[in-house]
Amino acid sequence: MERIAVRTDVLAFAHCQHVISRVVVEQGRQALRVELAPGLGPEAVFQKPTFVITSAHLTDGIIEADVLARRSRNALPVSKASAGLAYRITGSGQVFEAVYLRPMSGHPMKPTPPLDRQAVQYFAFPDASRSKAHDPTCAAGADVRPDTWIKLKLEIKERSVKAYIDGVLVLEVQSKVSPANGAVGLWVDIGTEAYFSNLHVTA
C-alpha cells in the first residue's frame with residue numbers, strides 16, 4: 001500500500017455533488033471549505049450523496065483527514081454540524097459508505113441521551129437500514145466539539161470499518177455492503193459549514 005497526500009489546492013478542482021467548495025485559510029491552515037449547494041432542503045439531503053468527490057480511490061485502505069465543522073449561519077437548532085468522510089463512491093454517488101462527526105453531540109457539549117452516543121455515525125447509501133441513528137452498532141459517543149480541528153481516521157478492510165478520533169478508536173462497524181472500488185469524498189450534511197485539511201489516502 002502507498003500513502004498519498006491529496007493537496008488542498010487540487011481539491012478545489014474536484015467534482016462537487018450537491019455541494020459548493022473553495023480553498024480558504026481556517027484557523028491558520030489551508031483548508032477546503034465545503035457546504036451544501038443553495039436551495040437544498042432537509043428532505044433532499046439527510047444522509048445523501050452530498051460531497052466533494054476526490055481523485056483518490058480505494059477498496060480497502062486508510063483515509064485520514066483533519067475536519068473542522070460548525071453550524072452554518074442559517075442552520076436550524078437541530079443541526080449537529082455534521083461532516084466526515086465518504087468512501088467507495090461509485091458513479092456520481094449512487095452507492096457509497098460514510099463515517100461522519102456530529103460535533104454538536106460530542107461529550108464536551110453535554111448532549112442528552114441518546115445524542116450523547118451519536119457523535120460519530122456510520123451509514124451506507126442507498127441502503128441505510130443498518131445505519132440509522134438509533135442503531136447502537138452504527139454510532140458512538142466521542143470527545144468532539146464544533147470549531148475545533150479533529151483528526152478523523154478510517155481503516156477499511158472488506159466489510160469492516162474502524163473510526164479513530166485523534167488516535168483513539170471510537171467506532172467499529174461490520175457492514176452488510178459488499179466491498180467495491182470507489183472514490184473518496186468529503187461529506188457534509190444540512191446546516192453545516194465544514195473544513196477539510198491534511199487528507200491522506202493509503203490504498
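The coordinates are above.
As a starting point, this report considers the structure included with it. (Residues numbered from 1 in each chain as written. Predicted model: local features only at pLDDT ≥ 70, side-chain atom pairs only at ≥ 80, totals over all residues. Heavy atoms only, no water.)

**What about the overall build of the protein?**
Link 1 in the chain: Looking only at helices and strands, one finds two helices and 15 strands in the protein.
Link 2 in the chain: Whereas a compact globule of 203 residues would reach a radius of gyration of roughly 17 Å, the protein reaches 15 Å, a difference of no more than 12%.
Link 3 in the chain: Based on the C-alpha atoms only, the size of the protein along its principal axes is roughly 40 × 35 × 35 Å.
Link 4 in the chain: Expressed as a percentage of the 203 residues in the protein, the buried residues total 51%.
Link 5 in the chain: Counted over contacts in the protein with a minimum sequence separation of 6, partners at least 24 positions apart contribute 68%.
Link 6 in the chain: For the protein, the exposed surface amounts to about 9,300 Å²; the carbon and sulfur share of it is 54%.
Link 7 in the chain: Within the protein, the 20 negative side-chain charges are centred at a point lying 3 Å from the centre of the 23 positive side-chain charges. (Helix = DSSP H or I, 4+ residues; strand = E, 2+ residues; numbered from the N terminus. Rg over C-alpha atoms; globule rule 2.2 N^0.38 Å. Buried < 20%, exposed > 50% of the residue type's maximum accessible area, 1.4 Å probe, protein only. Contact = heavy atoms within 4.5 Å. Areas by Shrake-Rupley, 256 points an atom, 1.4 Å probe, with all protein chains shown as cover. Lys, Arg positive; Asp, Glu negative; His and termini not counted. Charge placed at Lys NZ, Arg CZ, Asp CG, Glu CD.)

**A closer look at the side chain of His 200**
Link 1 in the chain: The topology assignment puts His 200 in strand E15 (residues 192–202).
Link 2 in the chain: The residues touching His 200, leaving out its near neighbours within four places in the chain, are Arg 3, Ile 4, Ala 5, Ile 62, Ile 63 and Glu 64.

**Brief notes about the environment of Arg 71**
Link 1 in the chain: Positionally, Arg 71 belongs in strand E6 (residues 61–71).
Link 2 in the chain: For Arg 71, a relative accessible area of 32% gives the class partly exposed.
Link 3 in the chain: For the pair Arg 71 and Pro 146, spaced 75 residues apart in the sequence, the C-alpha separation amounts to 8.0 Å.
Link 4 in the chain: Look past the residues within four positions of Arg 71 in its chain and what remains in contact with it is Leu 76, Pro 77, Ser 79, Ala 81, Met 104, Gly 191 and Glu 193.
Link 5 in the chain: Within the structure, Arg 71 has its side chain in polar contact with the backbone oxygen of Pro 77 (distance 2.6 Å).
Link 6 in the chain: At 2.8 Å, the side chain of Arg 71 forms a polar contact with the backbone oxygen of Ser 79. (Polar contact = N/O pair within 3.5 Å; in protein donor to acceptor, adjacent residues only side chain to side chain.)

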